[in-house]
Amino acid sequence: MSTHQVTTVIGLEVHVQLKTKTKLFCGCSTEFGAPPNTQVCPVCLGLPGALPVINEAAIDLAIRTGLAINCSIPEMTKWDRKQYFYPDLPKGYQISQFDLPICADGYLEIVDPADDESTRHIGIIRAHLEEDAGKSMHDEVAGKSDTRIDLNRCGTPLLEIVSQPDLRSPAEVREYLTQLKLILMHLNVSDCEMQEGSLRVDANVNLHIDTDGKKIATPIVEVKNMNSFRAVERALEYEIERQYIDWETDGLTIDDRAKTTRGWDDSKERTFIQREKEESADYRYFPDPDLLPIRIPAERIEQARLTLGELPQATIRRLQDQHGLKAYDANVIVNQGPALIGYFERVVEVSGDAKRSSSWIQQDVMRTLKEQDTSIDAFAVSSDQLGALLKKVSAGEIDNARARDVFAYLLEHDVSVDEAMKSLGIEKVDSSELDALCQELLDANPQVVADVQGGKVQAIGALIGQAKKKNPNANPGKVRETLLRLIQS
Amino acid sequence: MLDSALELVRLQENGDLTAVEIAEKALASVRDTQDSINAFTHVAAEQAIEAARRVDAKRAAGEPLGILAGVPVAVKDVLCTNDMPTTCSSRMLKDFRPPYDATVVSKLREADAVIIGKTNMDEFAMGASTETSAFGLTRNPWDTNRTPGGSSGGAAACVAAGSVPLSLGTDTGGSIRQPAAFCGITGMKPTYGRVSRYGLVAFASSLDQVGPMAWSVPDVALLLEAIAGFEPRDSTSLNQFVPKYTDVLQSSDLRGLRIGVLSETAETAGIDPAIMDVVNEAAKVFQSQGAEIVEVNLPHSKYWVPTYYVIAPCEASSNLSRYDGAHYGHRTDSIDMHSPDGPLVSAYCRSREEGFGSEVKRRIMVGTYALSEGYTDKYYNQALKVRRLIKGDFDAAFSQVDLLLGPVTPSTAFPLGDKIDDPLQMYLCDLFTVGANLAGLPAISLPGGSDSSGLPIGIQLQAPALEESRLLFAANAFQTATDHHQKRPSH
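Looking at an unreviewed UniProt entry, chain B carries the name Glutamyl-tRNA(Gln) amidotransferase subunit A, with the source organism given as Novipirellula caenicola. UniProt, in the comment section headed Subunit (unreviewed entry), describes chain B in these words: "Heterotrimer of A, B and C subunits."

Looking at an unreviewed UniProt entry, one finds chain A named Aspartyl/glutamyl-tRNA(Asn/Gln) amidotransferase subunit B and attributed to Novipirellula caenicola. Per its UniProt entry, chain A bears the Sequence similarities (unreviewed entry) comment "Belongs to the GatB/GatE family. GatB subfamily." In its Subunit (unreviewed entry) section, the UniProt record describing chain A reads: "Heterotrimer of A, B and C subunits."

Here's what the structure looks like:
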């Protein structure tokens, strides 16, 4: 791909399943995993005569999400029918929003994957509410092809968030999705489980290629059924490569070929054609006469705004400004969600050392959480305990290695930091004790003394190790300091 | 015998008749007329007797009874009933038994009415003659060679034939008022949203409205009282107080009431002169009761029918797409597994091809076309704009007058087969009625006289939204002064 200047152009459609107790237009449960067709009623089955009634909770979740992604919320929004025939669509149309979506014209700031220190502005065209369809399950037993339909999911509320084609690489897409998921989790509007389909991503991608001073665009491809962030990233990497090779081979451009739909095969790691010639779909949208337009008073929007709290991006900035963290570190912590952010802030408060707190949390705490497959709320070492421990490290009362021993002990025992240290026999070594220990080592190792005096300061390392062996409580930094002072005196 | 609900209630209260006796008489009458009139698609004899028994038992036990206690009611077969089929007179829904009752049906049961059965109609309520029913046409009791009108033809005919005193129809473009006029009874289309559409199988959602049919205004008022009201499961239902409609019928003094007569009606080509005579005669009756007659003009009335015949098919094409043979409704036995479009599309096409009749197909095609890309603005969106102008006409008229008076139909009941092959002629049956549906207003059709062959002629009153009481009051005053509503077919 190196012979021409290539710009990758990606736009995303993200379907978010909103965390309402009941469906968008009826009182059926939205819980995942129930036996097929047990969470259905005349309304979600589209039985003749049944009528939809809006679930106000979904409107509020959509407004909250819209505000968090910097969208404007119009005074009036309405429902439209999108008509198409499909076995998992009982009414023959989906209730959706067409020209007056509930959220419009927003953006998301993401960290530029190519440069930690700068951000990228990704436009969001709109976010609209719609009902989900059911699920078809194809059974192919003994030459018979049976299709069974589960309509439990019919009518589940979805918010479809449509970005501008502002994304320039699979890494940016991943970053965008990470940020979006962070916000959705923060707002508690969705479970964001890609495996369960509560977060579904479709990507529209093509390449803009500079060739002999002319700009051409490759045909647009919509990539579907990717069920993890990693799959999205790899599918797009594959697709970009494929489109370039195709263009080199057949020279087809966006003018020669209509948009096609491709699926992602995770095991074969490649996209495959689903619909060759996407017919220009005529959904015959028109306002749903069973539902009145919704007026959203300004107070309702303001009320929703008050419930947002500090949004993840603001937290990332604040952790940088207030605690001097690097953008990368602030991101890692905020990406873990509100509970871990709270944990971090308390550790900093107690220890007074933000950088050390950040590094301990990113390494020791997060690794342990992963090993134990647990959450920060259920973590054995409290933020107060870790804060107290790190305060001692910063004060030089205990070194990092010994602090890890204490940390390990705290994971197993419900005791205070001081008690843990006592149980482990960790005591503060006073300076006369340290002087004596160091003098003893220097006396036993004249060669090291000579080397150091000859300028090979690193030779001192050997003695630090020996000092630790003789007294595990000796702080290596202090030992080094003392050894050098004694040699030079 | 069975022609007044209020009378039947009184007879039971006096102990002259039991609900079971009334139900048996109604069922006998249905049996006697079913072959010649074919007003019913389903007769629920056992359930009716059972319901009547419960009413008698409640009365014997001194328990409180609903306002329709022991009164036989027929229900148009487009309203869901959990213990009877709901076919919409379509092959598509031949075997459909809804798992629930329409709100109006629940309300009938709560009012202790005795549901006799489901009445025949034009398929999916599309038609003006009840000839498009998949279960055979219905005949007009005044002249069995003529149509009872449509689409609530069965609902009108079963009252006119004397089988039941009350029936529920639905009115999308005149489907209560036109058959009421053809059958010489009184029928009302309430304000859109006054009566819930929950459980009414949708034809055109923004126009459909359930309404009462009976011989006289007091019975219409009684039935409306039973079915009106807010339904939280219907977003378009109005959360407004329901007056006791029967209470407004005491006086027939119309002094202070201004009634507008549509000036352009007289010029409408093709209208039977006998009908205009009846309307003019009616104006005089109202005048004699103290009303002031004013000439008014609805400038966009010539666009009623074209506007209606864009909006209604658009909504119908969407509402009827659920009948795809996959979930319920007729499914073809002959899916073409090798169809170039694939077996699934073949299943849809054949199921719909076999399940729907030609008028339904015609409207689905018109609606699909009018909503399709490139044509939405030309047809559907344009029709919505005109609809707003039409509403504006009514607003302007009702700033001058309290009610509007005019004809219901351009002709009296026409012979069977006369218009069935000429859809445009059939559509013109709605000439005077669709305005109220487009504007969502209440309107009533009541007997105003008859033509030279003795066929009933209806007059129509229209009122501002939610002014059903005013409509009933004036209509009742008319019936107090006249006896057209007391004429019965000789059949």
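Further notes follow.
*Asks:* Please explain the overall build of chain A as it appears in this structure.
*Replies:* The helix and strand inventory of chain A stands at 16 helices and 16 strands. Viewed in the frame of its principal axes, chain A has a C-alpha envelope of about 95 × 60 × 55 Å. Within chain A, the fraction of its 489 residues that count as buried is 50%. Long-range contacts, defined here as pairs at least 24 residues apart, represent 69% of the contacts in chain A between residues at least 6 apart.

*Asks:* Explain helix α7 (residues 217-227) of chain B here, please?
*Replies:* Note on helix geometry: an α-helix contains 3.6 residues per turn, so any two residues three or four positions apart are oriented the same way. All names here are of chain B. Most of α7 sits inside the fold, with ten of its eleven residues counted as buried. Listed as buried for α7 are Val217, Asp219, Val220, Ala221, Leu222, Leu223, Leu224, Glu225, Ala226 and Ile227. The positive-phi residue at the C-terminal boundary of α7 is glycine 229, with phi of around 135°.

*Asks:* Would you take a moment to explain the sheet that holds strand β1 (residues 40-43) of chain B for this structure?
*Replies:* To summarise the sheet geometry, strands pair through backbone hydrogen bonds and adopt either a parallel or an antiparallel arrangement. All names here are of chain B. Spatially, the eleven strands line up as an open sheet ordered β1-β3-β2-β4-β6-β5-β10-β11-β9-β7-β8, and their pairing is mixed. Each having just a single partner strand, β1 and β8 (292-296) make up the two edges of the open sheet. If you compare each strand with its neighbour and ignore which way they point, the axes differ by 30° on average. When strand β9 (residues 403-407) meets strand β11 (residues 456-462), the two strands line up antiparallel, connected through four bridges. Bridge pairing links leucine 404 to glutamine 462 in β11. The sheet strands contacting helix α15 (residues 468-481) are β5 (186-189), β9, β10 (443-450) and β11, and the helix crosses β10 at an angle near 10°.

*Asks:* How should I be thinking about the UniProt feature "active site" (unreviewed entry) in chain B in this particular structure?
*Replies:* Residues and elements named next belong to chain B. According to UniProt, the positions carrying the feature "active site" (unreviewed entry) are Lys76, Ser151 and Ser175. For the residues just named, distributed over 100 residues, the greatest C-alpha separation is only 11.1 Å, placing them together at one site. Within the secondary structure, lysine 76 sits in strand β2 (residues 72-76). Among the residues examined, lysine 76 registers a relative accessible area of 0% and is labelled buried. Residues in contact with lysine 76, not counting those within four places in the same chain, are Lys118, Thr119, Met121, Ala125, Ser151, Ser152, Leu168, Gly169, Thr170 and Ser175. Mapped onto the elements, serine 151 comes out in the loop between β3 (114-119) and α5 (153-160). When sequence neighbours within four positions are dropped, the list of residues in contact with serine 151 reads Lys76, Asn120, Met121, Asp122, Ala125, Met126, Gly127, Thr130, Thr170 and Ser175. Here lysine 76 takes part through its side chain, which lies 2.7 Å from a polar atom of the side chain of serine 151.

*Asks:* What is the right way to look at the nonpolar core in this model?
*Replies:* A general feature of soluble globular proteins is that nonpolar side chains tend to end up buried together. With 199 residues, the main nonpolar core has Tyr176 of chain A together with Phe124 and Phe286 of chain B as its most contacted residues. At nine residues, helix α9 (residues 304-319) of chain B tops the list of elements feeding residues into this core. Other than its neighbours up to four places away in sequence, phenylalanine 286 of chain B contacts Leu254, Ile259, Ala291, Ile293, Leu405, Ile459, Leu461, Ala474 and Phe478 of chain B. One finds Leu17, Val55, Ala156 and Val164 of chain B within the second-largest nonpolar core, a separate group that totals 36 residues.

*Asks:* I tried to follow the environment of tyrosine 86 of chain A on my own but got confused; where do I start?
*Replies:* Inspection of the secondary structure puts tyrosine 86 of chain A in the loop between β3 (80-83) and β4 (93-96). According to the relative accessible area criterion, tyrosine 86 of chain A is partly exposed, its value standing at 38%. The sequence separation of tyrosine 86 of chain A and serine 136 of chain A amounts to 50 residues, and the corresponding C-alpha distance is 9.6 Å. Discounting residues that sit within four places of it in the chain, tyrosine 86 of chain A has contacts with Ser136 of chain A together with His327 and Tyr348 of chain B.

*Asks:* How should I be thinking about the environment of threonine 368 of chain A in this particular structure?
*Replies:* All names here are of chain A. Along the polypeptide, threonine 368 turns up in helix α9 (residues 354-372). A relative accessible area of 5% means that threonine 368 is categorised as buried. With 40 residues separating them in the primary sequence, threonine 368 and alanine 408 have C-alpha atoms 9.8 Å apart. Each residue touching threonine 368, except ones within four places of it in the same chain, is listed here: Phe379, Phe407 and Leu411.

*Asks:* Whenever I open this one, the interface of chain A and chain B confuses me. Can you help?
*Replies:* Interface size is commonly expressed as the accessible surface area that is lost when the partners come together. Every contact between the two is made by 32 residues of chain A and, on the other side, 35 residues of chain B. Note that arginine 197 of chain B and aspartate 290 of chain A form a salt bridge whose closest N and O atoms lie 3.2 Å from each other. Counting every contact that joins chain A to chain B gives 17 residue pairs in polar contact (both at pLDDT 80 or more). Sorting the residues of the side of chain A that touches chain B by element identifies α1 (42-45), β3 and β15 (286-287) of chain A as the ones contributing at least two each. The biggest single contributor to the side of chain A that touches chain B is α1 of chain A, with three residues. Partitioning the side of chain A that touches chain B into residue classes produces 22 nonpolar, five polar and five charged.

Definitions and limits used
- Residues numbered from 1 in each chain as written.
- Chains lettered and ligands numbered in written order.
- Predicted model: local features only at pLDDT ≥ 70, side-chain atom pairs only at ≥ 80, totals over all residues.
- Heavy atoms only, no water.
- UniProt positions renumbered as here; feature names shortened; annotations may be inferred.
- Helix = DSSP H or I, 4+ residues; strand = E, 2+ residues; numbered from the N terminus.
- Buried < 20%, exposed > 50% of the residue type's maximum accessible area, 1.4 Å probe, protein only.
- Contact = heavy atoms within 4.5 Å.
- Pairing = 2+ DSSP bridges.
- Axes fitted to C-alpha atoms, helices over the stretch in contact; angles between N-to-C directions.
- Polar contact = N/O pair within 3.5 Å; in protein donor to acceptor, adjacent residues only side chain to side chain.
- Core = buried A, V, L, I, M, F, W, Y, C linked by side-chain atoms within 4.5 Å.
- Salt bridge = Lys/Arg side-chain N within 4 Å of Asp/Glu carboxyl O.
- Nonpolar A, V, L, I, M, F, W, Y, C, P; charged D, E, K, R; others polar.

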